[in-house]
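Each chain is listed here by its residues.
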Amino acid sequence: IYSASQDKTIRMWNRKAGTRVKTFRGHELRVFQLLLSSGGDYLISSSLDNTVRLWNIATGHCDVILKGHSEVINDILMIP
């Protein structure tokens, strides 16, 4: 399970134990949406900081930051 928060983080949770496994940090404002890649290797997030970020789930690091929107990103879609 993944959750996006107003505290600018994304959290990965262990569903069975109910514990936090990993925290992804890097957005400057509230994380708005999450999308899991079809292969399950990457998590894509959008934020009120007007960026889309591609997170490597294994490492927890942000591999790509997409900038260019001047307003809030309302939705994200990944086409394999």
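You'll find the structure just up there.
Because the structure is a prediction, the values reported are computed rather than measured.

Some points on the overall build of the protein
Piece 1. Of the regular secondary structure elements, the protein holds zero helices and seven strands.
Piece 2. Along the protein, helices (α) and strands (β) appear in the sequence β-β-β-β-β-β-β when read from the amino end.
Piece 3. Here the C-alpha atoms of the protein give a radius of gyration of 12 Å, agreeing with the 12 Å that 2.2 N^0.38 yields for 80 residues.
Piece 4. Each principal axis of the C-alpha atoms in the protein carries an extent, and together these give about 40 × 30 × 20 Å.

Some words on the packing of aromatic side chains
Piece 1. Summed over all chains, the structure comprises one aromatic pair.
Piece 2. With 5.7 Å between their ring centres and 70° between their planes, Phe24 and Trp55 make a pair best called edge-to-face. Residue Phe24 is found in strand β3 (residues 19-25), and its partner Trp55 is found in strand β6 (residues 52-56); the two are separated by 31 residues along the sequence. A single burial state applies to Phe24 and to Trp55, both of which are buried.

So, the pairing of β6
Piece 1. Of all five residues in β6, four are buried, a share of seventy percent or more.
Piece 2. Direction of pairing for strand β5 (residues 42-47) relative to β6: antiparallel, over a ladder of five bridges. Looking across to β6, one finds that Ser45 is bridged to Arg53.
Piece 3. Joining the antiparallel neighbours β5 and β6 is a turn of four residues, in which Asn50 adopts a positive phi near 70°.
Piece 4. As consecutive antiparallel partners, β6 and strand β7 (residues 62-66) are separated by five residues, and within that stretch Gly60 has a phi angle of approximately 80°, a positive value.

Structural notes on the environment of Asn14
Piece 1. Tracing the backbone shows Asn14 in strand β2 (residues 9-14).
Piece 2. What makes Asn14 partly exposed here is its relative accessible area of 32%.
Piece 3. Through-space distance from the C-alpha of Asn14 to that of Tyr2 is 9.2 Å; in sequence the pair is 12 residues apart.
Piece 4. There is a polar contact of 2.7 Å between the side chain of Asn14 and the backbone nitrogen of Ala17.

Overview of the sheet that holds β5
Piece 1. Spatially, β4-β5-β6-β7 is the arrangement adopted by the four strands of the open sheet, whose pairing is antiparallel. The sheet is open, and its two borders are formed by β4 (31-36) and β7, each paired with just one other strand. Ignoring which end each strand starts from, the neighbouring axes of this sheet average 20° apart.

Here is what the cut-offs are and how they apply
- Residues numbered from 1 in each chain as written.
- Predicted model: local features only at pLDDT ≥ 70, side-chain atom pairs only at ≥ 80, totals over all residues.
- Heavy atoms only, no water.
- Helix = DSSP H or I, 4+ residues; strand = E, 2+ residues; numbered from the N terminus.
- Rg over C-alpha atoms; globule rule 2.2 N^0.38 Å.
- Phe/Tyr/Trp six-rings, centres within 6.5 Å; stacked < 30°, edge-to-face > 60°.
- Buried < 20%, exposed > 50% of the residue type's maximum accessible area, 1.4 Å probe, protein only.
- Pairing = 2+ DSSP bridges.
- Polar contact = N/O pair within 3.5 Å; in protein donor to acceptor, adjacent residues only side chain to side chain.
- Axes fitted to C-alpha atoms, helices over the stretch in contact; angles between N-to-C directions.

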